[in-house]
Amino acid sequence: KFGHFCDVRKGFECLRFDHGSDNSSARATAFCLQKAAELSVKLGKQIERPIYPRGRLAHVFNVGYNRGPAILKLSWTPIDRMPEGVIYEFLEKAGVENILRVYDKGLLMLNFFGYRLEYLILEHCGAPIAEFLRAASRSADCSDKTLCRLSREVTRATMQCLVQARVLGGILHRDISPGNVLVSKDGKVKVIDWSYAKMLPTSPLDRIGIASRWEYDDSEVTQKEAEHDPLTGTPLFMSIPVLAGAKVRGLMDDMGSMFYVLLEALSKLQLRRDC
């Protein structure tokens, strides 16, 4: 009745996204499939996420894609805010490290009562930082020295990603929190969930060209994102200047958030006490 992006009445196991022949647009169409086919998404269990009343809503699923594990993210975003797929496109063009690989992305609906519906198919990688460190601490041969080294390595990789995003792409994450820093079993770090990221006006990348392909007004989005600087983020992990009412965000605010994320992760470890 309201023009949902696919018909689920008959039941299905898979989705396939088709961009058609128009490479100048991010528009795509979703088709229901009964069985997996090439480049299709085999739906798995939905990943539970906290919902915050901040104007966006995302549904995230574990899926199979090209015979491997992946993540499907369906996001409802206000039409005057930056699509997450655009941020990933900028990050890739800038060569930023420690971000998720994007297998596919696009727009399924352009304007549905003031919201757009976009999708992302992302690589599957790791567990939140607290779970990674907790698992490491339970290992029989894990010492305090090892935990210190692992904490430094995860922090360094996260900071490197944030610095590269700011310097190479003119991008601020604005929502560093425990669930947005993932670590794989072999220690590879990925900074995820760039849905609240901000593109700075001074970015060296082609803002207008990508805005045209994703069909949004760049000047309107830039102004709206700036207005949300004092509001964006997870309150427990916001930097002190932002909590104190700073009107402008900067790289050090993302860095400060990472400091609190690390403290929270370390606080959950069951460590031996000296006295």
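Parameters and conventions
- Residues numbered from 1 in each chain as written.
- Predicted model: local features only at pLDDT ≥ 70, side-chain atom pairs only at ≥ 80, totals over all residues.
- Heavy atoms only, no water.
- Pairing = 2+ DSSP bridges.
- Helix = DSSP H or I, 4+ residues; strand = E, 2+ residues; numbered from the N terminus.
- Contact = heavy atoms within 4.5 Å.
- Axes fitted to C-alpha atoms, helices over the stretch in contact; angles between N-to-C directions.

A. Quick look at the sheet that holds strand S8 (residues 127-128). Pairing is antiparallel across the open sheet formed by three strands, whose spatial order is S8-S10-S11. Whereas interior strands pair on both sides, the edge strands pair on one side only; in this sheet they are S8 and strand S11 (189-191). Bridge count between S8 and strand S10 (residues 181-183): two bridges; the pairing is antiparallel. Across the sheet, proline 128 pairs through a bridge with leucine 182, a residue of S10. Sheet strands touched by helix H3 (residues 144-169): S10 and S11. Its angle to S11, the strand with the most contacts, is close to 40 degrees.

B. Representation of unusual backbone geometry. With phi around 50 degrees, asparagine 66 is a residue other than glycine that occupies positive phi space. Examined against the element boundaries, asparagine 66 turns out to sit in the loop between strand S4 (57-65) and strand S5 (68-78). One non-glycine residue, arginine 67, adopts positive backbone phi at about 65 degrees. Topologically, arginine 67 is positioned in the loop between S4 and S5.

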